[in-house]
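# Structure assessment
Spelled out, the chains give:
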Amino acid sequence: MSLWHPFTQHKTAGPMIKIARTQGAYLHTNDGKCIIDGISSWWVNTHGHNHPRIVEAVRAQAGNLDQVIFAGFTHEPAEQVAAQLLQLTDQHFSNIFLSDSGSTAVEVALKMAIGYWAHQGQKRAKILALDHAYHGDTFGAMATGARSVFNNLYADYLFDIIRLPFPLDAQILEKIFQEEAHNIAAFIFEPLVLGAGGMLMYDAQTLRRMMGLCKTYHVLTIADEVMTGFGRTGTLFACQQAGLWPDLMCLSKGLTGGFLPLGATLATQQIYEVFYDDDRSKMFFHSSSFTGNPLACAAAAASLSIWQEEPVVERLQAIHTAHTQARTQFQEYPAVQDIRLCGTILALDLADSAQNYLSELAPKLYRFFLENGVLLRPLGNTVYILPPYCVTQDDLELIYDCIKRALDDLGHDRRQRAI
Ligand SMILES: Cc1ncc(COP(=O)(O)O)c(C=O)c1O
């Protein structure tokens, strides 16, 4: 064995499943099995695997322009994606910085926020973030994420954060701002759904209230829409439900329809202007070698045009309707402690003595689901469905049935133990 896989304890995980082919909502294994992708391959896939328009766009791009340095040079695919994103966000932002993942989109946003104040002669030493947050696995992103088993080992190396407790309380936020706003560069948050923290949800009014307070106290807002973006919460972007755009917005995952890696940090004119100067030392010092990769940009441009030309919103609504009915059925199961639904995401907390990521239920359920041809990857005792939008009603029924069988088994196990 030579590969070291992410978030994998190789000693207990068993062999990795070899995938030969993907199509629509399905993964096809080397040994001929087919698995329904109930989590959109780690939340990246939107329109289904190998969507023909994205395949074609990448194929055409590959024959023409592969990669070019993005400092001092530009190209059509990047400019097209930028124009599409600016239009889709109501021209609220003025500039888009491209990188290559969700974590890098977050790092860029944090550095822009800190630089924004520093270039104006204000040292704002703190970042405000949510309890249970997850923003990626690079160091800045880890620092803003909640301290947990994901990053405990590195805790001494992470900068301090002001942490807003969850469930959110606007009064607590206001108190923090009254005392410390002058020292806070930015408030970073996952809007409406905290993904890796356990699919925790909060409503659009709370989001609006929090963003409004940031405005009042002159604290920059960074919306991390890496997971929530591109339809997961029922609208293209979660912030749209609050009716407010942030100062900085981080995108990745579904940006290319999940086809190729690409990150984007959207910044307002106000932020861009602070870096725009005759003084070269004020440029934004950040790059990665593959910034603006033309193939990734071509995939993104194709994916964004699918949003405009195919009935994607209807597909989101159909998933939401199916989830709403399934929720009622899941409520009947004693093993289900809590159910949350937002857009296309349905999450169930199951009763378990360990209510954290290392719950033994997670690997057990993961294996059970896979044996039944369904890819779901519980976050501790939280089972969630986050499907690609091409998923059919029958596919969804298959996933719900599989979860119900697992819940039946859990109920049976518990009764046995009680005897
Ligand atoms: C909200 C959020 N931000 C950032 C990231 C990091 O993205 P990436 O894994 O592409 O670095 C993730 C990944 O799951 C995420 O959910």
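Please refer to the structure higher up on the page.
Residues numbered from 1 in each chain as written. Predicted model: local features only at pLDDT ≥ 70, side-chain atom pairs only at ≥ 80, totals over all residues. Heavy atoms only, no water.

For the rest of this paragraph, the subject is the site of the ligand. Taken together, W43, S101, G102, S103, Y134, H135, G136, E190, D224, V226, M227 and K253 make up the full set of residues near the ligand. Within the backbone of G102, one N or O atom sits 2.8 Å away from an oxygen atom of the ligand. In the model, an oxygen atom of the ligand is placed 3.0 Å from a nitrogen or oxygen of the K253 side chain. For the shell around the ligand, the class distribution of residues is four nonpolar, five polar and three charged. (Near = heavy atom within 4 Å. Polar contact = N/O pair within 3.5 Å; in protein donor to acceptor, adjacent residues only side chain to side chain. Nonpolar A, V, L, I, M, F, W, Y, C, P; charged D, E, K, R; others polar.)

As a further point, take the sheet that holds strand β16 (residues 382-385). Spatially, three strands are ordered β13-β14-β16 in an open sheet, and the strand pairing comes out antiparallel. Of all the strands in the sheet, the pair left with one neighbour each is β13 (336-342) and β16. Neighbour-to-neighbour, the strand axes of the sheet open up by a mean angle of 15°, direction not taken into account. Direction of pairing for β13 relative to strand β14 (residues 345-350): antiparallel, over a ladder of six bridges. Within β14, the residue paired with L341 across the bridge is L346. Along the sheet face, helix α12 (residues 312-330) touches β13, β14 and β16 and points at about 165° away from the line of β13. (Pairing = 2+ DSSP bridges. Helix = DSSP H or I, 4+ residues; strand = E, 2+ residues; numbered from the N terminus. Axes fitted to C-alpha atoms, helices over the stretch in contact; angles between N-to-C directions. Contact = heavy atoms within 4.5 Å.)

Time to look at helix α3 (residues 52-62). For α3, the set of buried residues is I54, V55, V58 and Q61. Looking straight down α3, one finds that the buried residues subtend no more than 135° of arc, so they occupy a single side. Opposite the packed face of α3, turned more than 90 degrees from it, sit the exposed residues P52 and R59. (Buried < 20%, exposed > 50% of the residue type's maximum accessible area, 1.4 Å probe, protein only. Arc of directions from axis to C-beta.)

Applying the stated criterion to the full structure yields zero disulfides. No disulfide involves C34; its sulfur sits 13 Å from that of C390, the nearest cysteine. Free cysteine: C402, not disulfide-bonded; nearest cysteine sulfur from C34 at 13 Å. (Disulfide = S-S within 2.5 Å.)

Here helix α4 (residues 76-88) crosses helix α11 (residues 294-309) at 35°, and the two axes come no closer than 8 Å. In the crossing of α4 with α11, the sense of the turn from one axis to the other is left-handed. Here P77, A78, Q80, V81, Q84, L85, Q87 and L88 of α4 lie close against α11, whose contacting residues are P294, C297, A298, A300, A301, L304, S305 and Q308. Taken together, the residues of the contact of α4 with α11 sort by class into 11 nonpolar, five polar and no charged. (Left-handed = near helix turned anticlockwise from the far one by under 90°.)

What follows covers the pairing of strand β5 (residues 126-130). Buried residues dominate β5, accounting for four of its five residues. As paired strands, β5 and strand β7 (residues 184-189) are joined by four bridges and run parallel to one another. The residue of β7 that forms the bridge with L128 is F187. Sheet analysis places β5 next to strand β6 (residues 162-164), joined by three bridges and oriented parallel. Along β6, the bridge assignment pairs L130 with L164.

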